[in-house]
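Structural characterization, general
Chain by chain, the residues run as shown.
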Amino acid sequence: MIVGLISDYLNYLEVERALSENTIEAYRRDIFAFFEYLTNTTGIEDIKEVKRTHLSSYNRYLAKEGINPTSIVRKIASIKGFFRYLCLNEEIVKNPALALNSPKVSKKLPKVISIKEIEKLLASHLNTMEKALFELFYATGLRVSELVNLEIKNTDLKTGIIKTMGKGSKERIIPFGSKAKSALKNYLKEREITLINSTCGRKYEKYVFLKPDGSKITRQYVYKFIHNLGKKIEKDISPHTIRHSFATHLLENGADLRVVQELLGHSSIVTTQLYTHISKKRLREVYFAINND
């Protein structure tokens, strides 16, 4: 019975909420982990028997296991979402997770790199595809999933605009500048040769960025590429670093917070406001560096 309800919920997340495969998989793991714990400790097999005490006990168990507070917050949020769904669909009368508390997590400022460091990376030895990927990534602040799934039909070199489908299947239109446009033009010429010599045929030709064998690049490919690139400036960076740097540099150069929110695809302005703290922090660092010379 419980397995069936979880399956229904995951289907709801996919169809009604239009969440990504990765997000749905995270929900699935979190919810099944809770019920595995519940079965092992209590033997409960009926969803209606789950009480708030069981959820609180699981919360404490995660903390004792040394699970990162951020991960615990995510796990609890997954479970709360599931029980909220059950309540709305009248599968249970009372929501046992309604008042369940999550551990407090201090907000860490995302890593950013300077414009000079960006320029240094772009001036390093990159092949045509890598240069186009990095230029477009930094010029648009795309999420990794959006970058690897970017399609040719949604990339307009004439107007310098891309269309992407973000979280919740929300379409965004993002402009990009002349440097990214030039790098992309050079790459697309070379890409045709890649497709002709491809061992994968033209199976992935609708996607912008392809590996030398003609297959679509993956999230792991981008993570590894950015991580290795960071070694050139002696910093441990990730794709998130590039996205955060994109937003921070826009704000530092006078961009409106609401515009940055739209470009990043944030549903709440509160999330975007985090970048204003980064900008202030960096301004202070520059000020004290100058005055300490």
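Residues numbered from 1 in each chain as written. Predicted model: local features only at pLDDT ≥ 70, side-chain atom pairs only at ≥ 80, totals over all residues. Heavy atoms only, no water.

Next up on the list: the packing of aromatic side chains. Using the criterion set out here, one finds 15 aromatic pairs in the structure. Judged by centre distance (6.2 Å) and plane angle (80 degrees), the ring pair of Y9 and Y27 falls under edge-to-face. In this pair, Y9 is assigned in helix α1 (residues 2-15) and Y27 in helix α2 (residues 21-42), connecting sequence segments 18 residues apart. On the basis of an interplanar angle of 40 degrees and a centroid distance of 6.3 Å, the ring pair of F35 and F83 is categorised as tilted. Remark: F83 occurs in helix α4 (residues 69-88) and F35 occurs in helix α2; sequence separation between them is 48 residues. Judged on exposure class, the residue F35 and its partner F83 are both buried. Pairwise contacts between aromatic rings join Y9, Y12, Y27, F34, F35, Y37, Y58, Y61, F82, F83 and Y85 into one cluster. The side chain of K216 reaches across the aromatic face of Y207, ending 4.5 Å from its centre. (Phe/Tyr/Trp six-rings, centres within 6.5 Å; stacked < 30°, edge-to-face > 60°. Helix = DSSP H or I, 4+ residues; strand = E, 2+ residues; numbered from the N terminus. Buried < 20%, exposed > 50% of the residue type's maximum accessible area, 1.4 Å probe, protein only. Lys NZ or Arg CZ within 6 Å of the ring centre and 35° of its normal.)

Before going further, it helps to examine the sheet that holds strand β1 (residues 155-156). Read across the open sheet, the 3 strands follow the order β1-β2-β3; overall the sheet is antiparallel. The open sheet has two free edges, formed respectively by β1 and β3 (171-175), since each of these has just one partner strand. Both β1 and strand β2 (residues 161-165) contribute to a ladder of 2 bridges, which runs antiparallel. From the neighbouring strand, T155 faces β2, where its bridge partner is I162. (Pairing = 2+ DSSP bridges.)

It is worth spelling out unusual backbone geometry at this point. If you check the backbone angles, E90 has positive phi at about 60 degrees while not being a glycine. Tracing the backbone shows E90 in the loop between α4 and α5 (115-122). Overall, the relative accessible area of 71% leaves E90 in the exposed class.

Here we come to the pairing of β2. Of the two faces of β2, the one holding I162 and T164 is buried and the one holding I161, K163 and M165 is not buried anywhere. Two successive antiparallel strands, β1 and β2, enclose a turn made up of 4 residues, where G160 displays a positive phi of approximately 70 degrees. Bridge count between β2 and β3: 5 bridges; the pairing is antiparallel. Bridge pairing in β3 places T164 opposite R172.

With that out of the way, let us pick up the side chain of S245. Residue placement: S245 occurs in helix α10 (residues 239-252). In this structure the side chain of S245 is engaged in a polar contact, spanning 3.0 Å, whose partner is the backbone nitrogen of I113. Residue contacts for S245: discarding those within four places in its chain leaves V112, I113 and Y138. (Polar contact = N/O pair within 3.5 Å; in protein donor to acceptor, adjacent residues only side chain to side chain. Contact = heavy atoms within 4.5 Å.)

On to the confidence of the model for the chain. Scored by pLDDT, the chain has a mean of 86; 88% of the residues are at 70 or more. Element-level mean pLDDT values for the chain span from 56 in helix α12 (residues 269-291) up to 96 in helix α6 (residues 128-140). (pLDDT = per-residue confidence, 0-100.)

Attention shifts here to the nonpolar core. Of all hydrophobic cores here, the largest spans 46 residues; its most connected members are F134, L184, Y187, F209, V222, I226 and I242. Counting residues per element, the ones that place at least two in this core are α5, α6, α7 (144-148), α8 (178-196), α9 (219-230), α10 and α11 (257-264). Of the residues forming this core, the biggest block, 7 residues, is contributed by α6. With residues near it in sequence (within four places) discarded, F134 still touches I118, L121, L122, F225, I226, L229 and I242. (Core = buried A, V, L, I, M, F, W, Y, C linked by side-chain atoms within 4.5 Å.)

Here the structure, examined in full by the defined rule, presents 13 salt bridges. With a shortest N-O distance of 2.8 Å, E146 and R172 are connected by a salt bridge. Of the two residues, E146 sits in helix α7 while R172 sits in strand β3, which places them 26 residues apart along the sequence. On the basis of relative accessible area, E146 is assigned to the buried category, the value being 4%. Given the relative accessible area of 7%, R172 is considered buried. In this structure, the salt-bridge partner of R202 is E192, at a minimum N-O distance of 3.9 Å. Taken together, the positions of R202 in the loop between α8 and α9 and E192 in helix α8 put the pair 10 residues apart, joining distant regions of the chain. (Salt bridge = Lys/Arg side-chain N within 4 Å of Asp/Glu carboxyl O.)

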